[in-house]
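Okay, here's what each chain looks like letter by letter:
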Amino acid sequence: MIIVIDGPAGSGKSSTAKKIAELLDIQYLDSGALYRALTYLWLMNDKPDLPEFFKILPGVKLDAEYRNQTFIINVNGEDITKDIRTQQVANHVSEMAAQPEARKFVNQYMRKLVMSDAYIADGRDLGTAVFPDADLKFYMIASLEERAKRRYRELISDDPSISFEEVKDNLKNRDHQDSSRAADPLKKDENAILIDTTGKTFEEQIDEMVGIIRDKIKLKQ
Ligand code: CDP
Ligand code: CDP
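The name given to the protein chain in an unreviewed UniProt entry is Cytidylate kinase, with Rhodohalobacter sulfatireducens as the source organism. In the Subcellular location (unreviewed entry) part of its UniProt record, the protein chain is described as follows: "Cytoplasm".

The subject of this paragraph is the overall build of the protein chain. A count of helical and extended segments in the protein chain gives nine helices and eight strands. If one aligns the C-alpha atoms of the protein chain with their principal axes, the spans along those axes are about 50 × 40 × 35 Å. Buried residues in the protein chain amount to 36% of all 221 residues. Partitioning the contacts of the protein chain with sequence separation of at least 6, the portion at a separation of at least 24 is 78%.

Take the site of ligand 2 next. Taken together, 16 residues lie around ligand 2, and G12, K13, S14, S15 and R150 are the ones closest in. Of all elements in the fold, only α1 (13–24), α7 (144–156) and α9 (202–220) reach the threshold of two or more residues within the shell around ligand 2. When residues in the shell around ligand 2 are grouped by element, the largest group, three residues, is from α1. Classifying every residue of the shell around ligand 2 gives two nonpolar, nine polar and five charged.

Turning our attention to the sheet that holds strand β4 (residues 70–75). Sheet strands pair via backbone hydrogen bonds, and the direction of the pair is either parallel or antiparallel. The three strands are arranged β3-β4-β5 in an open sheet whose pairing can be described as antiparallel. The strands lining the two open edges of the sheet, one partner per strand, are β3 (62–67) and β5 (78–79). Two strands pair when backbone bridges link them, and β4 and β5 are joined in this way by two bridges, in the antiparallel orientation. For N74, the partnering residue across the bridge sits in β5 and is D79. Across the sheet, helix α2 (residues 31–44) lies against β3 and β4, angled at about 35° from β4, the strand it touches most.

Time to look at the site of ligand 1. Close to ligand 1 lie 17 residues, the nearest being A9, G32, A97, G123 and R124. At the level of secondary structure, the elements contributing two or more residues to the shell around ligand 1 comprise α2, α4 (87–97) and α8 (164–180). Residue contributions to the shell around ligand 1 peak at five residues, all from α2. Per-class residue counts for the shell around ligand 1 are six nonpolar, six polar and five charged.

Looking now at the UniProt feature "binding site: ATP" (unreviewed entry) in the protein chain. Sites flagged by UniProt as "binding site: ATP" (unreviewed entry) map to G7, P8, A9, G10, S11, G12, K13, S14 and S15. Residue position: S14 is located in helix α1. Taking the C-beta count within 10 Å as the criterion, S14 has 19 such neighbours and is therefore assigned partly exposed. Discounting chain neighbours no more than four positions away, the residues touching S14 are D30 and D122. Locating S15 in the fold gives a position in helix α1. Accessibility expressed as a C-beta count within 10 Å gives 15 for S15, which makes it partly exposed.

Secondary-structure assignment places G32 in helix α2. Its 20 C-beta neighbours within 10 Å are what place G32 among the buried residues. Once the C-alpha coordinates of G32 and I72 are considered, the two residues, 40 residues apart in sequence, prove to be 12 Å apart.

This next bit is on the nonpolar core. Counting residues in each nonpolar core, the largest one holds 44 residues, and the members touching the most others are V4, Y35, A37, L38 and I120. Setting aside anything within four residues of it in sequence, one finds V4 in contact with A121, L126, G127, F131, A134 and K137.

The next subject is unusual backbone geometry. In this structure, D25 is a non-glycine residue whose phi angle is positive, near 55°. By the element assignment, D25 lies in the loop between α1 and β2 (27–30). For K47, which is not a glycine, the phi torsion comes out positive at approximately 50°. Mapped onto the fold, K47 is located in the loop between α2 and α3 (50–55).

Reading guide: rules and limits
For every chain, the first residue of the written sequence is number 1, and numbering continues from 1 onward in sequence order. Think of it this way: whatever chain is written first is A, whatever ligand is written first is 1, and the rest follow in order. Owing to the predicted nature of the model, reporting of local features is limited to residues with pLDDT of at least 70; listing and counting of side-chain atom pairs is limited to 80 or more, with chain, interface and lining totals taken over all residues. UniProt positions are given in the numbering used here, feature names are shortened, and annotations may be inferred rather than shown by experiment. Numbered from the N terminus, helices here are DSSP runs of H or I no shorter than four residues, and strands are runs of E no shorter than two. Put plainly, a residue is buried at 20 or more neighbouring C-beta atoms within 10 Å of its own, exposed at 12 or fewer, and partly exposed in between, counting only other residues' C-beta atoms, which are placed from the backbone. Here, residues touch in the contact sense if the C-beta positions derived from the backbone fall within 7 Å of one another. For each residue, a C-beta atom is placed from the backbone, and the residue counts as near a molecule or strand when that atom lies within 6 Å of it. Put simply, Ala, Val, Leu, Ile, Met, Phe, Trp, Tyr, Cys and Pro go in the nonpolar bin, Asp, Glu, Lys and Arg in the charged bin, and everything else, Gly too, in the polar bin. DSSP-based pairing: two strands are paired if at least 2 bridges between them are found. Orientation is described by lines fitted to C-alpha atoms, with helices fitted over the stretch in contact, and by angles between N-to-C directions that extend from 0 to 180 degrees. Residues enter a nonpolar core if they are buried, belong to Ala, Val, Leu, Ile, Met, Phe, Trp, Tyr or Cys, and are joined to the set through C-beta atoms within 7 Å.

Put into structure tokens, the structure is as follows:
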């Protein structure tokens, strides 16, 4: 079984998917973390031209696993779980994610992973391109102002120098780049259920989505 959640940055996809994974006792896959991992690796290698960077991809060993409420990422044996969440990575990730070579690498990894177990996964193109036959598709949205407030609250404890405007601009720019790129852009799949979380509490959105999932699973049995 595969349930997917797509939507713009900070709309609540990953926190919601993690909670649902716990409630339904299934696995969680954070596809954005995989693009962030490639971006981190690129920046660590002094940001070579992308065609140069892609030459090293076949030798990159990626391991991702959801454990202890954290989506843990290892690259070539190094735990980079925290490193991929910096604003520097956020500022470059959409450039990396626009590259078909990067998308091919991430998609191959994900499709293999979900064969092993039941999963809920979040991203931008999971319903439209990666898992078009998913059992259930959601598309989450919230106003830019509210998404920026949520993300700012998360980032300020680790980096007190960060500004609200910087966070908001990053979300806006990424949404623009992610939805206007040629390769599998951010887009609502026609069969995805729209969940607008503006003005909703986290608990309300979980209850709504778990209700939909339970109904759907009952219908299939
Ligand atoms: O959590 P946040 O909304 O900040 O972003 P993320 O899910 O960590 O994704 C980071 C970036 O990866 C996005 O802005 C997209 O550029 C890219 N991405 C993508 O292109 N396709 C996906 N399925 C997931 C993420
Ligand atoms: O994965 P995505 O970038 O879409 O969002 P996220 O990383 O889950 O971040 C959303 C943040 O907003 C989390 O800190 C949530 O706890 C919080 N939040 C929410 O998702 N939904 C609400 N109704 C209220 C807050």
